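# Remarks on the overall topology
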Amino acid sequence: MEAVNILKKQKLFFINHKGLNLERKTINSMVLIYCDNMHFNTKTLCNDCQELSNYALQRLMKCPFGENKPTCENCEIHCYKLDMRKKIKKVMKYSGPRMAYKHPILTILHLIRNMNLYAKTSKFNYSKGKN
Ligand SMILES: [Zn+2]
């Protein structure tokens, strides 16, 4: 029962945070590709990768930037604890280049979001500099 409530809460959270939901999908897909190729698990994740995926989800839900969160590779905070950061870096390095043909639409949306946020933050810095 408890687990069901947590899942419901997560679902609701990501319905209300579309940008973060995109991040969630991107990270999930990357971990899937990585586990599939490196740990030979098709469709499901090994315990290690499942743990990493859950951890990433929790971090996303707690991200202080909320909807304005920069994509993780451009974020300044680096909120992951050290061992998880090492793992996710490996995953991103491996799966990043493979995302473009496995999940082209997701990749494009991710890039667009990246550019929009970049434009937003540069504008923000500019006006801040002027004052
Ligand atoms: Zn794995």
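Scanning the protein chain from terminus to terminus reveals five helices and zero strands. The helix and strand sequence of the protein chain, counted from the amino end, reads α-α-α-α-α. Burial status across the protein chain gives 14% buried among its 131 residues. Put simply, 65% of the contacts in the protein chain that link residues at least 6 apart link residues at least 24 apart.

A few words now on unusual backbone geometry. What is expected of a backbone is that most residues other than glycine have negative phi and most peptide bonds are trans. The residue Phe 40 is not glycine, and still its phi comes out positive at about 55 degrees. Tracing the backbone shows Phe 40 in the loop between α2 (18-38) and α3 (47-62).

With that settled, consider helix α1 (residues 2-16). If you check α1, its first and last C-alpha atoms are 22 Å apart, about what 15 residues at 1.5 Å a residue would give, namely 21 Å. A small share of α1 lies buried, amounting to zero of its 15 residues.

Right, let's get into α2. Taking 1.5 Å of rise per residue, the 21 residues of α2 would be expected to cover 30 Å, and the 30 Å separating its terminal C-alpha atoms lies within 8% of that figure. All buried positions along α2 are accounted for by Leu 20, Glu 23, Thr 26, Ile 27, Met 30, Val 31, Leu 32, Tyr 34 and Cys 35. Following α2 by one or two positions, Phe 40 adopts a phi angle in the positive range, close to 55 degrees.

Val 31 and Tyr 34 are the most contacted members of the largest nonpolar core, which has 13 residues in total. Sorting the residues of this core by element identifies α2, α3 and α4 (82-102) as the ones contributing at least two each. In terms of residue count, the dominant contributor to this core is α2 (seven residues). What Val 31 contacts, discounting residues up to four positions off in sequence, is Leu 45, Cys 49, Leu 52, Ser 53 and Val 91.

Next up on the list: the packing of α2 against α4. Between α2 and α4, the shortest axis-to-axis distance is 9 Å and the interhelical angle comes to 105 degrees. Taken together, the axes of α2 and α4 are roughly perpendicular relative to one another. Between α2 and α4, the residues in contact are Ser 29, Met 30, Val 31, Ile 33 and Tyr 34 and Val 91, Met 92, Tyr 94, Ser 95, Arg 98, Met 99 and Lys 102, respectively. Each residue belonging to the contact of α2 with α4 can be placed in one class, and the counts come to eight nonpolar, two polar and two charged.

A word on the environment of Asp 48. Position of Asp 48 among the secondary structure elements: in helix α3. By C-beta crowding, Asp 48 is classed as exposed, having 12 other C-beta atoms within 10 Å. When the C-alpha atoms of Asp 48 and Lys 87 are compared, they prove to be 9.6 Å apart, with 39 residues separating the residues in sequence.

What follows covers the environment of Met 38. Inspection of the secondary structure puts Met 38 in helix α2. Under the C-beta neighbour-count criterion, Met 38 is labelled partly exposed, with 14 such atoms within 10 Å. Distance from Met 38 to Tyr 94, taken between C-alpha atoms, is 9.5 Å for residues 56 residues apart in sequence.

Scoring rules and cut-offs
Residues numbered from 1 in each chain as written. Predicted model: local features only at pLDDT ≥ 70, side-chain atom pairs only at ≥ 80, totals over all residues. Helix = DSSP H or I, 4+ residues; strand = E, 2+ residues; numbered from the N terminus. Buried ≥ 20, exposed ≤ 12 C-beta atoms within 10 Å, placed from the backbone. Contact = placed C-beta atoms within 7 Å. Expected span 1.5 Å × (residues − 1). Core = buried A, V, L, I, M, F, W, Y, C linked by C-beta atoms within 7 Å. Axes fitted to C-alpha atoms, helices over the stretch in contact; angles between N-to-C directions. Parallel < 35°, antiparallel > 145°, perpendicular 65-115°, else oblique. Nonpolar A, V, L, I, M, F, W, Y, C, P; charged D, E, K, R; others polar.

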